[in-house]
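Structural characterization, general
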Amino acid sequence: MDLIFIEGFVGETVIGIHESELHRPQPLVIDVHAGLPHARACNTDRIADTIDYGVVTERLRRLLVEHRLTLLEAFAEKIAEILIDEFGARWVRVKVVKPRKFADVSAVGVQIERIAPEPESRRSGHSAAVVQLLASGMLPGKR
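Here the residue numbering is sequential within each chain, running from 1 through the sequence in written order. Reporting in this predicted model follows two pLDDT cut-offs: at least 70 for local features of residues, and 80 or more for side-chain atom pairs to be given and counted; totals over whole chains, interfaces and linings ignore these cut-offs and use all residues. Excluded from the side-chain calculations are hydrogens and water; all other atoms, namely the structure's heavy atoms, are used.

**Some points on the side chain of His33**
For clarity, the threshold we go by: Strands here mean DSSP runs of E at least two residues long; helices mean DSSP runs of H or I at least four residues long; both are numbered from the N terminus. What makes two residues a contact is simply this: any of their non-hydrogen atoms within 4.5 Å.
Relative to the assigned elements, His33 resides in strand β2 (residues 26-36). Beyond its immediate chain neighbours, meaning those up to four positions away, His33 contacts Ile4, Phe5, Glu7, Trp91, Val92 and Arg93.

**Here we look at the pairing of strand β3 (residues 91-99)**
In plain terms, the rule: Here the term buried applies to any residue with accessible area under 20% of the maximum for its type, exposed to any over 50%, and partly exposed to those in between, with areas from a 1.4 Å probe on protein chains only. Strands are treated as partners if at least two bridges between them are detected by DSSP.
Taken across its nine residues, β3 has seven buried, putting it largely inside the fold. Sheet topology note: the β2/β3 ladder contains seven bridges and is antiparallel. Paired with His33 across the two strands is Arg93, which belongs to β3. Relative to strand β4 (residues 107-115), β3 is paired through nine bridges, and the arrangement is antiparallel. By the bridge assignment for β4, Lys95 is matched with Gln111.

**Quick notes on empty space enclosed by the protein**
The cut-off we apply is this: Buriedness for pockets is judged along seven lines, at least five of which must meet protein on both sides within 12 Å for an open set on the 1 Å grid over protein atoms alone, while cavities are sets there where a 1.4 Å probe fits but cannot get out, and lining residues have an atom within 4 Å of a point. Grid points are joined across faces, edges and corners, and a volume is the space filled by probe spheres set on the points. Under the scheme applied here, ten amino acids are nonpolar (Ala, Val, Leu, Ile, Met, Phe, Trp, Tyr, Cys and Pro), four are charged (Asp, Glu, Lys and Arg), and all others, including Gly, are polar.
A complete count under the given rule lists two cavities of 30 Å³ or more for this structure. Looking at the largest cavity, its volume works out to about 50 Å³. Together, Ile4, Phe5, Ile6, Val32, Ala34, Ile51, Tyr53, Val56 and Leu83 line the largest cavity. Contributing elements (two or more residues each) for the lining of the largest cavity: β1 (2-13), β2 and α2 (53-66). If one sorts the elements of the lining of the largest cavity by residue count, β1 sits on top with three residues. Taken as a whole, the second largest cavity encloses approximately 40 Å³ of empty space. Taken together, Val56, Arg59, Leu60, Ile79, Ile82, Leu83 and Phe87 make up the full set of residues lining the second largest cavity. Elements supplying a minimum of two residues to the lining of the second largest cavity: α2 and α3 (72-85). When the residues that make up the lining of the second largest cavity are grouped by side-chain class, the tally is six nonpolar, no polar and one charged.

So yeah, pure geometry; function would need other evidence.
Structural data, given as structure tokens:
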């Protein structure tokens, strides 16, 4: 697995559950690690064959403006979905931090990991093989 990562991305957004968080943007620090099974760019040297960091950071900036989420967990989940659905990542780790949220704590936040669902073609091939076994009378536990 090849990892493409962005660490320390800083942006501001309105997010939170407390009244004091709902009226003005606050800083977030975002780390993203996206896995690709052997990025083709290793062989082709073409940006089109990998995940473009610049495009991901632009997408993160847009998300910071457009989202209407309240919890960091949901925000991190949305980032993971974007990386999988829009950028083709097979695995992602997303960390979202509110720095200096409390006077006596340097940061609070959440980190999640997600794996992309298997492509439909692979799943249907496996299902077809199971159906063929069942149709041939080769049922598990039967002799």
